[in-house]
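# A look at the structure
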Amino acid sequence: MGNPTLVPSSSFCWNASCSAYGQVDLGNIRKFGRTPAGVQRYQCRICHRTFVETIGTVFYGRRRSQETIIECLALLAERNSLAAIHRVKGVKEETVMAWLRTAAAHVERIEALLLANYKLTRAQLDAMWVYVGNKGEKGAMPKPTIAAPSGAA
Ligand SMILES: [Zn+2]
């Protein structure tokens, strides 16, 4: 099924306080046994945190591929309008906003994915989250904050 352009979730460190956070090809990730359920576990050689390969599946089960979802969020972070994303990707504005709200509940994971796959700056990421706050309307989300690292696996 084509070449996935998203790097695998096992190719970079997911620990937001690690110097290698969200960076691929540093050679810092190694296999680290399996969970009792048989899922491959990985460890970052720099911060020694471990994580499993399924950590990237925040959007598991959505109709669109995770790749498309992350790409739309990256476009948003690069200050493309929702209308522009609709034109380019064919995804409805409310759908992108729904993804963004889901993403806001998983800030650490989504930022790691975006950083690993797109050349985004901290400021661009912050601007993207502000977007959720502004467009949240009723039931506005609390401003997402980077949660303290909580056992990555
Ligand atoms: Zn690390």
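Nothing here was measured: the structure is a model prediction, and the numbers come from that model.

Attention now moves to the nonpolar core. Nonpolar side chains in soluble globular proteins generally cluster together in the buried interior. Membership of the largest hydrophobic core comes to 42 residues, with the highest contact counts inside it found for Phe 59, Leu 73, Ile 110, Leu 114 and Trp 129. Elements with a minimum of two residues in this core: β2 (40-44), α1 (66-77), α2 (82-89), α3 (93-104), α4 (107-117) and α5 (122-135).

Within the protein, the atoms that donate to the zinc ion are Cys 13 (SG), Cys 18 (SG), Cys 44 (SG) and Cys 47 (SG), at distances of 2.3 Å. Note that the zinc ion binds 4 donor atoms; their angles at the metal cover 104 to 114°, and the shape is tetrahedral. Counting residues between consecutive donors of the zinc ion along the chain gives the motif C-x4-C-x25-C-x2-C. One end of the pair, Cys 18, is in the segment before β1 (29-34); the other, Cys 44, is in strand β2, with 26 residues separating them in the sequence. An identical accessibility class is assigned to Cys 18 and Cys 44; each is buried.

Turning our attention to the pairing of β1. Taken together, the 4 bridges between β1 and β2 define a ladder with antiparallel strand orientation. Paired with Arg 30 across the strands is Gln 43, a residue of β2. Hairpin connection between β1 and β2: a loop of 5 residues separates the two successive antiparallel strands, and Gly 38 in this loop has a positive phi of roughly 90°.

Attention now moves to the pairing of β2. Most of β2 sits out of view: 5 of its 5 residues are buried. Along β2, one buried face is formed by Gln 40, Tyr 42 and Cys 44 and the opposite face, lined by Arg 41 and Gln 43, is buried too. Sheet topology note: the β2/strand β3 (residues 50-52) ladder contains 3 bridges and is antiparallel. Directly across from Arg 41, in β3, lies its bridge partner Val 52. Turn length for the β2-β3 hairpin, with the two strands adjacent in sequence and antiparallel, is 5 residues, and the turn residue His 48 shows positive phi of about 65°.

Reading the values: the criteria
Residues numbered from 1 in each chain as written. Predicted model: local features only at pLDDT ≥ 70, side-chain atom pairs only at ≥ 80, totals over all residues. Heavy atoms only, no water. Core = buried A, V, L, I, M, F, W, Y, C linked by side-chain atoms within 4.5 Å. Buried < 20%, exposed > 50% of the residue type's maximum accessible area, 1.4 Å probe, protein only. Helix = DSSP H or I, 4+ residues; strand = E, 2+ residues; numbered from the N terminus. Donors = N, O, S within 2.8 Å, 3.2 Å for Na, K, Ca; no water. Tetrahedral: all angles 85-135°; square planar, octahedral: opposite > 155°, others 65-115°. Pairing = 2+ DSSP bridges.

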